[in-house]
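Inside the fold
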There are 2 protein chains.
Amino acid sequence: MALLLQTFPERVAVWARLFAGAGERLICGAEQVRDPAEVRYLACWTPPPDLSVYPNLEVVLSVGAGVDQMPQMPPGVRLCRTLAPGVEEMVRDWVVMAVLMLYRRMPIYLAQARAGRWQAHEVPLARKGRVGIMGMGRIGQLAAQTLAGLGFQVAGWSRSGRAVAGVQMFGAAGLGAFLERCDLLICLLPLTDETRGVLNAGLFARLPQGAHLVHAGRGAQLDMGALRAALDSGRLGSAMLDVTDPEPLPADHWAWADPRLIVTPHVAASTDSTEGAEHALAVIRAARAGAPLPGLVDTVRGY
Amino acid sequence: MALLLQTFPERVAVWARLFAGAGERLICGAEQVRDPAEVRYLACWTPPPDLSVYPNLEVVLSVGAGVDQMPQMPPGVRLCRTLAPGVEEMVRDWVVMAVLMLYRRMPIYLAQARAGRWQAHEVPLARKGRVGIMGMGRIGQLAAQTLAGLGFQVAGWSRSGRAVAGVQMFGAAGLGAFLERCDLLICLLPLTDETRGVLNAGLFARLPQGAHLVHAGRGAQLDMGALRAALDSGRLGSAMLDVTDPEPLPADHWAWADPRLIVTPHVAASTDSTEGAEHALAVIRAARAGAPLPGLVDTVRGY
């Protein structure tokens, strides 16, 4: 019986070492599976479309904290998430990087570099920039604090509009007023029925002309066609996405080639490989012992 | 009599508006000069190689705070700099952006995006990263404070090694020990005879294998050939430069095309266009009135 791991090469190398040390069998990639009946545990971010090919599957383990990308589990298959420290700081760092990259015109400078063109443009002062964050949970608050420390004028939007120190807060009814002041909009919302498709043409139309978008929520919140239209019309000046729809983005997708857009492959955060492998070994040992699984997801509540 | 302005288009537009309002004559670009005798004032970053083509030139005005890019002034020509608020924060923001871009592997993700490739890599925690700053003046201290706030382990190097709160400081004799702990080296040194060429093969050899370089000092501090060799050997993993040698970088220079390198065209900071134009108008009025010139550089001391 084995754990099938589907992830990127650096992580595979770390898990392989730790699984070998623990005497546990690891299969690295679906193409290495010789007998599907061997696969009792599956660790991945996005699972294969048909889990029933593994008749003895007991546990699916998300290699990250998120499980909204997971389908309904087949009967008898339990779903676990990996919780690791530092994930919130990782997302904050990606968001701060993305805000600075758009505010300081990196899409333009990267396009110029490809053409071998040395051409300066006006350098904007951070303190003149109005940044707005949709989703003011722990990551939103961390990002707000760091961006305010750089001098940006930071506002936040959440359903409740609950006060956050140093941030001008807007609630559900204040969405229009919030968007009107966003030179740069950051999405950190969780994916729910209410937030699905929230980044659409109607929302973009309420931003100032030439605003910028940083998206580190979930791909299904973004209407990619509306994004393209907003870039074409100049409503949006540029955008940086860590999540896309679909995900992964196909090799021939327009978004890769658009110079106004920078895409990273869902890497705002990821679990440290060593911590993830140790968590997976703990899940295997618990499952074998019939003990409670660490990180077990209540699939009715969804988290 | 006119001021000849050589700069980027957005700045030209702002100056043109303010000069028209003040009733002063502005020539936008050397190619627009019909009679060289008309040019009494020249505002630029890098001046043309031969200033003697303007026989009535009285004042050369650097559009930024720096004047080390300026040649020796011909007899009778005075040199002024433009001092504007916010420049230190601008450089800090560029440095923080560059550190995050290299630490979070943007050179790799940008190369993958060009190939339409969705491939995640391990996400490093900021708190595991050892950053070192050469040059701990006001900008270095600002950068150290922000990077420490993101969790990075920050060290500083200065000739004096003078203590800075929250930063592990090294002095002149501690350069080797400082470099050995730099996963990411930031250069913010001023250009002096001692720092010319300081970023060379010998220095790179003392960094950990795969270290990263962020350079926002001056182009003449960097041996570009040694940089290329260090990238080729893997001593350096990636680099981000706001200053280069030569500057501007020619269109066919290898650095534009190297995927491990990101170059911006000396835009870590620049004077706000409105403030710069108003300063230029003040210089013109003072020169005409025989009053002391604002920002006049003592060309013996060099600042």
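Residues numbered from 1 in each chain as written. Chains lettered and ligands numbered in written order. Predicted model: local features only at pLDDT ≥ 70, side-chain atom pairs only at ≥ 80, totals over all residues. Heavy atoms only, no water.

Section: the packing of helix α2 (residues 87–103) of chain B against helix α4 (residues 138–149) of chain B
Residue and element names in this part refer to chain B. Contact geometry for α2 and α4: axes closest at 9 Å, N-to-C directions at 45 degrees. Classified by the angle between their axes, α2 and α4 sit oblique to one another. Crossing geometry of α2 relative to α4 is assigned as right-handed. Residues E88, E89, V91, R92, V95, V96 and V99 of α2 form the contact with α4, whose participating residues are R138, I139, L142, A143, T146 and L147. The residue inventory of the contact of α2 with α4, partitioned by class, reads eight nonpolar, one polar and four charged. (Axes fitted to C-alpha atoms, helices over the stretch in contact; angles between N-to-C directions. Helix = DSSP H or I, 4+ residues; strand = E, 2+ residues; numbered from the N terminus. Parallel < 35°, antiparallel > 145°, perpendicular 65-115°, else oblique. Left-handed = near helix turned anticlockwise from the far one by under 90°. Contact = heavy atoms within 4.5 Å. Nonpolar A, V, L, I, M, F, W, Y, C, P; charged D, E, K, R; others polar.)

Examining the sheet that holds strand β12 (residues 261–263) of chain A
Residue and element names in this part refer to chain A. Strand order in the open sheet made by the seven strands is β8-β7-β6-β9-β10-β11-β12, with parallel pairing throughout. Among the strands making up the open sheet, the edge pair consists of β8 (168–170) and β12. Looking at each pair of strands side by side, their axes are set apart by 15 degrees on average, direction ignored. Where strand β9 (residues 184–187) meets strand β10 (residues 211–215), four bridges bridge the pair, whose relative direction is parallel. Its bridge partner being in β10, L184 is matched across the sheet by H212. (Pairing = 2+ DSSP bridges.)

Side note on the nonpolar core
Formed by 84 residues in total, the largest nonpolar core has its most connected members in F152 and I186 of chain A together with F152 and I186 of chain B. The contact partners of F152 of chain A, leaving out residues within four places of it in the chain, are V99, L100, Y103, A126, G129, V131 and L147 of chain A. Counting residues in hydrophobic clusters, the runner-up holds 35 residues, among them C182, L189, V198 and L261 of chain A. (Core = buried A, V, L, I, M, F, W, Y, C linked by side-chain atoms within 4.5 Å. Buried < 20%, exposed > 50% of the residue type's maximum accessible area, 1.4 Å probe, protein only.)

With respect to unusual backbone geometry
Backbone geometry follows two general trends: most residues other than glycine have a negative phi, and most peptide bonds adopt the trans configuration. Residue and element names in this part refer to chain A. In this model, E247 is joined to P248 through a cis peptide bond whose omega is -5 degrees. Here P248 shows up in the loop between β11 (236–241) and α8 (254–257). Here R105, not a glycine, exhibits a phi torsion of approximately 65 degrees, which is positive. Position of R105 relative to the elements: it lies in the loop between α2 (87–103) and α3 (106–114). Judged by its relative accessible area of 25%, R105 falls in the partly exposed class.

Quick notes on the pattern of salt bridges
Throughout the structure, instances matching the rule amount to 24 salt bridges over all chains. In this structure, the salt-bridge partner of R25 of chain A is E38 of chain A, at a minimum N-O distance of 2.8 Å. Here R25 of chain A, found in the loop between α1 (9–22) and β2 (26–28), pairs with E38 of chain A, found in the loop between β2 and β3 (39–44); they are 13 residues apart in sequence, far enough to count as distant. D272 of chain A is the salt-bridge partner of K128 of chain B, the closest N and O atoms lying 3.2 Å from each other. Taken as a pair, K128 of chain B in the loop between α3 (106–114) and β6 (130–134) and D272 of chain A in the loop between β12 and α9 (273–289) lie in two separate chains rather than in one. The class of D272 of chain A is buried, set by a relative accessible area of 14%. (Salt bridge = Lys/Arg side-chain N within 4 Å of Asp/Glu carboxyl O.)

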